[in-house]
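# Analysis of the macromolecular model
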Amino acid sequence: MTDTTELDLGNIPTNVAIIMDGNGRWAQNRGLPRPVGHKHGVESVQDIVRAAAKLGVKILTLYAFSTENWNRPPLEVQALMGLLKTFLQNELKTITDNNVCLKCLGQKERLPNEVRQVLDNAIAQTADNNGLILNLALSYGGRNEIVRAVQQIAAECRQGLIKPEEIDDALVSAHLDTAGQPDPDLLIRTGGESRLSNFLLWQLSYAEIYITDTLWPDFRKNDFISALIDFQNRQRRFGKTSKQVTES
Ligand code: IPE
Ligand code: IPE
Ligand code: MG
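Summary of the structure given here. What you are looking at is a predicted structure, and each value in this text was computed from that prediction instead of being measured. Counting restarts for each chain, with residues numbered from 1 along the sequence as it is written. Starting at A for chains and at 1 for ligands, labels are handed out in the order in which the entities are written. Only residues with pLDDT of at least 70 are given local features in this predicted model, and only at 80 or more are side-chain atom pairs given and counted; all residues enter the totals for whole chains, interfaces and linings. Heavy atoms from the whole structure form the basis of all side-chain values; hydrogens and water molecules are not counted.

### Section: the sheet that holds strand E4 (residues 133-140)
Sheet strands associate in pairs through backbone hydrogen bonding, adopting either a parallel or an antiparallel arrangement. Basically, it comes down to this: Pairs of strands are assigned from DSSP output, requiring at least two bridges between the strands. Only runs of H or I of at least four residues qualify as helices and only runs of E of at least two qualify as strands under DSSP, and these elements are numbered from the N terminus. Comment: axis = line fitted to C-alpha atoms, over the contacting stretch for helices; angle = value between 0 and 180 degrees taken between N-to-C directions. Contacts between residues were defined by any pair of non-hydrogen atoms, one from each residue, lying within 4.5 Å.
Strand order in the open sheet made by the six strands is E3-E4-E2-E1-E5-E6, with parallel pairing throughout. If you trace the sheet from one side to the other, it starts and ends with strand E3 (101-105) and strand E6 (208-211), each paired once. In this sheet, neighbouring strand axes are inclined to one another by 20° on average, regardless of whether the strands run parallel or antiparallel. Sheet topology note: the strand E5 (residues 186-189)/E6 ladder contains four bridges and is parallel. If you follow leucine 187 over to E6, its bridge partner there is isoleucine 209. Across the sheet, helix H3 (residues 74-97) lies against strand E2 (59-66), E3 and E4, angled at about 160° from E4, the strand it touches most. On the sheet, helix H4 (residues 113-126) packs against E3 and E4 and is oriented at approximately 135° with respect to E3.

### Comments concerning the packing of aromatic side chains
Put simply, the rule reads: Within 6.5 Å between ring centres, the rings of Phe, Tyr and Trp (the latter by its six-membered ring) count as paired, and their orientation is classed by plane angle as stacked under 30 degrees, edge-to-face over 60, tilted in between. A 1.4 Å probe rolled over the protein chains alone gives each residue an accessible area, and that area as a share of the maximum for its type sets the label: buried under 20%, exposed over 50%, partly exposed in between. Only when the NZ atom of a Lys or the CZ atom of an Arg is both within 6 Å of the ring centre and within 35 degrees of the ring normal do we say a charge sits over the ring.
If you walk through the whole model with that rule in mind, you get six aromatic pairs. Between the aromatic rings of phenylalanine 65 and tryptophan 70, the centroid separation amounts to 4.8 Å while the plane-to-plane angle is 75°, which identifies the pairing as edge-to-face. Residue phenylalanine 65 is classed as buried on the basis of its relative accessible area, which comes to 3%. For the ring pair tryptophan 216 and phenylalanine 219, a centre distance of 5.4 Å and an interplane angle of 20° mean the geometry is stacked. Here tryptophan 216 and phenylalanine 219 have matching classes, each one buried. Members of the aromatic cluster, each reached through a chain of ring pairs, are Tyr63, Tyr140 and Phe199. The ring of tryptophan 26 is capped by arginine 30, whose NZ or CZ atom sits 3.9 Å from the centre of that ring.

### What to know about the side chain of serine 139
As a reminder, the rule being used: Here a polar contact is recorded for every N or O atom pair within 3.5 Å, except that within protein the pair must consist of a potential hydrogen donor and a potential acceptor, and residues adjacent in sequence are included only if both atoms are side-chain atoms.
Mapped onto the elements of the fold, serine 139 is located in strand E4. Residue serine 139 is classed as buried on the basis of its relative accessible area of 0%. A polar atom in the side chain of serine 139 sits 2.7 Å from the side chain of tryptophan 70. Residues contacting serine 139, with those up to four places away along its chain left out, are Phe65, Ser66, Thr67, Trp70, Gly106, Gln107, Arg110 and Leu111.

Following this line, the structure appears as structure tokens:
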């Protein structure tokens, strides 16, 4: 068990991304249907959003539903969409009261109309909030996001707005769903798998990765703090030598 008092509040990562995995196993371990795990996962979302805002994280990016998750059994997809809608409706007041600005990454147009409506409403209602930015990745796939960015850039080239030789890292970043935001410093994955599952393929290029076996419905504030402490004990070298980093 980590001693949470070890957390250095002066060195909190700006952007934390989380692959919230393990809801299904959490339910199956208890002989319950998978959607029950998703339901309990919502409580972890509420807890971690609150904790992140309180600890001074500026951007929290949560992977809630991937482009590949559409291939799950229709009843599970339906349950997830229903939970998403209720979450957005029930949490809107808390989100607003806590000055959280909600954003969506991914193919919003693929979401059922009723979900999109509450999502658009929550985004509009919180647009002027200047506290924590909460990015919800919904029907999100890193490859799809890059493909959409490339299509847009190609169209701008064709219109003569930019020249191919002007395309650089910054221009690509500016065409992603995360435009204007710094890249995640820390990626947390619950549920123990060591893979990216198509999450933020461009943006995670230099993120520190923290994987825990804890299943998402069991992941709470103290587990989040443990991940932050682990992050604080890393040396981020960005290709340099250790000596260069300590001497700079
Ligand atoms: C993560 O939990 C939630 C979503 C992908 C929507 P899972 O449903 O993937 O849970 P496991 O990995 O099967 O335990
Ligand atoms: C990743 O979890 C997607 C989300 C957490 C939303 P998955 O459970 O879908 O990932 P894989 O299929 O095990 O890689
Ligand atoms: Mg999973």
